[in-house]
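Summary of the model geometry
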Amino acid sequence: MPDTAPQDAGPDTVRPSAADAARTTTPPAAPGGTPPSPADPGPAVPEPYLTELAAGVHAFIQPDGGWCLNNAGFVTDGDTTLVVDTAATERRARLLRRRIAESGAPTPRIVVNTHHHGDHTYGNSVFTPEATVIGHDACRREVLAAGHQLHAVWPQVAYGDVPITPPSVTFTDTLTLHVGGIEVQLIHPGVAHTPGDTIVWLPRQRIVFAGDLVFHGGTPFVFMGSLTGSLRAMEVLRSLDAVTVVPGHGTVTGPEVYDGIERYLRFVLELAREGRAAGRTPLDVAREADLGPFAQLAESERLVANLHRAYAELSGAEPGAPLDPLAGFSDMTVMNGGVPMACHA
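Presented here is an overview of the structure given in this document. (Residues numbered from 1 in each chain as written. Predicted model: local features only at pLDDT ≥ 70, side-chain atom pairs only at ≥ 80, totals over all residues. Heavy atoms only, no water.)

1. Examining the overall build of the protein
Each helix and strand in the protein was counted, giving 10 helices and 12 strands. Looking at the 345 residues of the protein, the share that counts as buried comes to 55%. A separation threshold of at least 6 residues defines the contact pool for the protein, and within that pool the share at least 24 residues apart is 69%. (Helix = DSSP H or I, 4+ residues; strand = E, 2+ residues; numbered from the N terminus. Buried < 20%, exposed > 50% of the residue type's maximum accessible area, 1.4 Å probe, protein only. Contact = heavy atoms within 4.5 Å.)

Next comes the structure, spelled out in structure tokens:
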């Protein structure tokens, strides 16, 4: 089917409201969170690109890996194609589909979502109904519950036509798929970045698509999941003995990336323990924290949201228990110099 063909809405498809649809005509955000004027289009964002990781395995990298600029990928044996994650906008999801077609791979029949966030799932409808969407039980639940979550945070982004399309096939712990002779293992590491994370592991190629369990060059984000669970997820990832790691955001890397993520998470946990014992708020702690080696990470404002999660867990909250999104994102705005975080999707 040509990329320009309209996609039929399935029984689980929820289209944007009239208000959401109106927002899609607004220009993308400028760094300060204000829609740019025609004379001020904002900084150019590099186009996504494909990188071949092994025969039949590609990563779709979206620079610069910041808010909403996630990675995807695909696996093909020449007869069947499986896509890992989609994108935050219809345009970017259609670009992914076009790049897959240009590579010579057949039309995708499977889409795997590593978690529910809109930058990884909004583009699902570009691949359905030809493709079946697969994800963890909690991923489906959270996609349906969250709806057009990105529209609420960044209403000025031109998302296009992105009806909510959750996984129609779900699993609880593990699921093995076969793309011809390529084995693809789906592994749920427990609540980590979100309640419904999925690791996509290719054992023969020793390639792992880690989703947002791994940010390469960006600050980890556990506000909607679990800090302690994210530490456990690093152990699950290490146990796979991957050679190549495709992060949810940032450039392709190797397993050495896990060490820096673990150090950062332990740093946050220690800040939370000390701050909570002293009766200080997560925002107070974040404002006064010395980031040290973590100062080089992008999206440093995520520290305060991560502290909110750490405080909740230290108070006995279950991993993944909902936190107040207004409090978390408002505090991140404060940490970002008083301006909303920019999304260039």
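2. Looking at the pairing of strand β1 (residues 49-54)
By the bridge criterion, five bridges tie β1 to strand β2 (residues 57-61) in an arrangement that is antiparallel. Residue Y49 lies in a different strand from β2, and its bridge partner there is I61. Connecting β1 to the next strand, β2, in antiparallel fashion are two residues, including G56 with a positive phi near 80°. (Pairing = 2+ DSSP bridges.)

3. Regarding the side chain of R92
With respect to the helices, strands and loops of the structure, R92 is situated in helix α2 (residues 90-102). Here R92 sits buried without a salt bridge, and the closest side chain of opposite charge, E47, lies 5.1 Å off (N-O distance). The residues touching R92, leaving out its near neighbours within four places in the chain, are V45, P48, F60, Q62, L69, A87, H344 and A345. (Lys, Arg positive; Asp, Glu negative; His and termini not counted. Salt bridge = Lys/Arg side-chain N within 4 Å of Asp/Glu carboxyl O.)

4. Section: the packing of aromatic side chains
Under the criterion given, the structure shown has 10 aromatic pairs. A ring pair is formed by W67 and F329, whose centres lie 6.3 Å apart and whose planes are at 50°; its orientation type is tilted. With W67 in the loop between β2 and β3 (72-76) and F329 in helix α10 (residues 325-335), the pair connects residues that are 262 residues apart, well separated along the chain. Exposure remark for W67: the relative accessible area of 10% places this residue in the buried category. Through a chain of ring-to-ring contacts, three or more aromatic side chains come together here, namely W67, W154, F221, F223 and F329. Lying across the ring of W67, R302 places its NZ or CZ 4.2 Å from the centre. (Phe/Tyr/Trp six-rings, centres within 6.5 Å; stacked < 30°, edge-to-face > 60°. Lys NZ or Arg CZ within 6 Å of the ring centre and 35° of its normal.)

5. Regarding the nonpolar core
One finds W154, V208, V214, L237, Y258 and L303 to be the most contacted residues of the largest nonpolar core, which totals 60 residues. Element by element, the count of residues in this core is highest for helix α7 (residues 257-277), at 10 residues. When residues no more than four places from it in sequence are discounted, the contact partners of Y258 are V208, V214, M234, L237, R238, A242 and V245. Counting 20 residues, the second largest nonpolar core, distinct from the first, contains I61, V84, I134 and V179. (Core = buried A, V, L, I, M, F, W, Y, C linked by side-chain atoms within 4.5 Å.)

6. Notes on the environment of W67
Between the alpha carbons of W67 and G218 there is a distance of 9.5 Å; along the sequence they are 151 residues apart. Those residues in contact with W67 that sit more than four places away from it in its chain are W154, F221, E299, E301, R302, M332, M341, A342, C343 and H344. Side chain to side chain, W67 and E301 meet in a polar contact 2.9 Å long. (Polar contact = N/O pair within 3.5 Å; in protein donor to acceptor, adjacent residues only side chain to side chain.)

7. Quick look at the sheet that holds strand β7 (residues 169-171)
Here we have seven strands laid out as an open sheet, ordered β1-β2-β3-β4-β5-β6-β7, and mixed in their pairing. The open sheet has two free edges, formed respectively by β1 and β7, since each of these has just one partner strand. In this sheet, neighbouring strand axes are inclined to one another by 20° on average, regardless of whether the strands run parallel or antiparallel. Bridge count for β2 against β3 is four bridges, and the pairing is antiparallel. Counted as the bridge partner of F60 is A72 from β3. Across the sheet, helix α4 (residues 137-146) lies against β6 (132-136) and β7, angled at about 105° from β6, the strand it touches most. (Axes fitted to C-alpha atoms, helices over the stretch in contact; angles between N-to-C directions.)

8. Some points on the pairing of strand β12 (residues 244-249)
Burial within β12 is extensive, with six of its six residues counted as buried. Pairing between strand β11 (residues 207-215) and β12: five bridges, direction parallel. Each residue of the ladder has a partner; that of I207, found in β12, is T244.

9. Some details on the packing of α7 against helix α9 (residues 302-314)
Closest axis-to-axis distance for the α7/α9 pair is 9 Å, and the angle between their directions is 65°. Like other packed secondary-structure pairs, α7 and α9 cross with a definite hand, here right-handed. In contact with Y264, F267, V268, L269, L271, A272, R273, G275 and R276 of α7, α9 contributes R302, L303, N306, L307, A310, Y311 and L314. In the contact of α7 with α9, the residues fall into 11 nonpolar, two polar and three charged. (Left-handed = near helix turned anticlockwise from the far one by under 90°. Nonpolar A, V, L, I, M, F, W, Y, C, P; charged D, E, K, R; others polar.)

10. Quick look at the packing of α9 against α10
The contact between α9 and α10 brings their axes to 7 Å, and the two run at 145°. Seen from above, α9 lies across α10 with right-handed handedness. Of the residues in α10, those in contact with R302, V304, A305 and H308 of α9 are A327, G328, D331, M332 and M335. When grouped by side-chain class, the residues that make up the contact of α9 with α10 number five nonpolar, two polar and two charged.

These figures come from the coordinates and say nothing about function on their own.
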